[in-house]
Amino acid sequence: LLRLRTLEGGSIVKTQYDQDLLIGCIEKPLGFSKGRPTAACVIYKCLCQWRSFEDEETKIFDRIIQAINHNIEAPRISRANLLVGNVVALTSAASQNILTDHWQEIVNNIERFLNTLKSNNIPPFLVRKIFAQIFSFINVQLFNSLLLRRECCSFSNGEYVKAGLSELKQWCYKATEEYAGSAWDELKHIRQAIGFMIIKQKPKKTLDDISHDLCPVLSIQQLYRISTMYYDDRNNTDNISPEVIAKMRELMTEDSNNAVSGSFLLDDDPSIPLSVDDLSKSMYQMINITDIELPPPVLHKLGLDFLLSPES
């Protein structure tokens, strides 16, 4: 009995030691082999070798997930500083050159990120999902800035933002539909709002012109907010007619009586929705890991030499 307990204890220690070696291995930048992630192949081969998939209970899966999360966890403050700060700066009352520099910085960051995704063999369908979410975030930040800050809701600022949106559109064309996907469509709120702000002869526009032709995706609450906040700081031209403003106010009152939400701000959804169909379409072929070239120096050092065996 003592011998069995000793063997059992040694087995537990050995298992813990092997798992520590695996975690240490996958925390290193192992790169790719023939377009396939080396770390994923190392994990799969180890789990098969240890028969981990047959165990009723094991903590190795939790440890692997924690190790992966630790290495890929894009801190919230960094996201705010690198993107939100730049976007808000675009809607400030700074000079045109500074604003152009901020737009170019955003485009450069997006391009570098695309190159990083490509170099890491991220499937194009997932790249499209990621950039759709990024452009949606830009749309929310810029659009809400117009509705909350009057200095952003001016004619000159509208022209600056339009120039920036043009830079993003050119990037989408350059990235091609394979990677950019529907990212440009995610900017529809800010695109329509800016189009309304810089259009000429506003007093001649009817509510039908504005709500159906110029800004079909904007709600009456949003149109009313922009209309009452907007001012022409360059040409001092007139805004839309008082009659149109009054009609908007009337429709808003009706919506309020019908219990329709009066919120005019957009919500930021950071999630990237993935369906089973999306994933199944991306896995168009079975992945063969027998010919994966694993890094021998790392495996020798960590005692995982069995991974070098083709049949493992």
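All chains use their own residue numbering, which begins from 1 and follows the written sequence. Thresholds applied to this predicted model are a pLDDT of at least 70 for local features of residues and 80 or more for the giving and counting of side-chain atom pairs; totals over whole chains, interfaces and linings are not thresholded and use all residues. Only heavy atoms go into the side-chain values, all of them from the structure, while hydrogens and water stay out.

An unreviewed UniProt entry annotates the protein chain as Dilute domain-containing protein of Ambrosia artemisiifolia.

Novice: Can you walk me through the environment of Val 161 in this structure?
Specialist: Put simply, DSSP marks the helices as runs of H or I at least four residues long and the strands as runs of E at least two long, and each gets a number from the N terminus on. Looking at the secondary structure, you find Val 161 in helix 7 (residues 155-180). C-alpha separation for the pair Val 161 and Arg 191, spaced 30 residues apart in sequence, amounts to 9.0 Å.

Novice: Looking at this structure, I do not really get the packing of aromatic side chains. What am I missing?
Specialist: Each aromatic ring pair is characterised by the separation of its centres together with the angle its planes make. Working definition: rings of Phe, Tyr and Trp (its six-membered ring) pair if their centres are within 6.5 Å, and the pair is stacked with planes under 30 degrees apart, edge-to-face with planes over 60 apart, and tilted otherwise. Under the criterion given, the structure shown has three aromatic pairs. Judged by centre distance (5.8 Å) and plane angle (65°), the ring pair of Phe 113 and Phe 131 falls under edge-to-face. Taken as a pair, Phe 113 in helix 5 (residues 96-119) and Phe 131 in helix 6 (residues 124-148) lie far apart in primary sequence, 18 residues in all. Taking the relative accessible area as the measure of exposure, Phe 113 reaches 31% and is therefore partly exposed. One aromatic cluster is present, built from ring pairs that chain together Phe 113, Phe 131, Phe 135 and Trp 171. A ring has a charge above it when a Lys NZ or an Arg CZ is no more than 6 Å from the ring centre and no more than 35 degrees off the ring normal. Stacked on the ring of Tyr 179, the Lys or Arg Lys 118 has its end atom at 4.6 Å from the ring centre. Here Lys 202 stacks its cationic end above the ring of Phe 196, 6.0 Å away from the centre of that ring. Using a 1.4 Å probe on the protein chains alone, a residue whose accessible area is under 20% of its type maximum counts as buried, one over 50% counts as exposed, and one in between counts as partly exposed.

Novice: What's the story with helix 8 (residues 188-198) in this structure? I'm lost.
Specialist: Counted residue by residue, helix 8 has eight buried out of 11 residues, so it is predominantly covered. Whether two residues are in contact is decided by their heavy atoms, any of which lying within 4.5 Å being enough. Residues of helix 8 that are buried in the fold lie against helix 6, helix 7, helix 9 (207-214) and helix 10 (220-229).

Novice: Would you mind showing me how to read the pattern of salt bridges here?
Specialist: Where charged atoms of side chains with opposite charge meet at close range, the side chains can pair. Salt bridges are defined as contacts in which a side-chain nitrogen from Lys or Arg sits within 4 Å of a carboxyl oxygen from Asp or Glu. This structure, assessed with the given rule, holds four salt bridges. Arg 149 is the salt-bridge partner of Glu 151, the closest N and O atoms lying 3.0 Å from each other. For Glu 151, a relative accessible area of 37% corresponds to the partly exposed category. Given a relative accessible area of 26%, Arg 149 falls into the partly exposed group. Across the pair Glu 159 and Arg 234 runs a salt bridge, and its minimum N-O distance is 2.4 Å. On the criterion of sequence distance, the pair formed by Glu 159 in helix 7 and Arg 234 in the loop between helix 10 and helix 11 (242-257) is long-range, its members being 75 residues apart.

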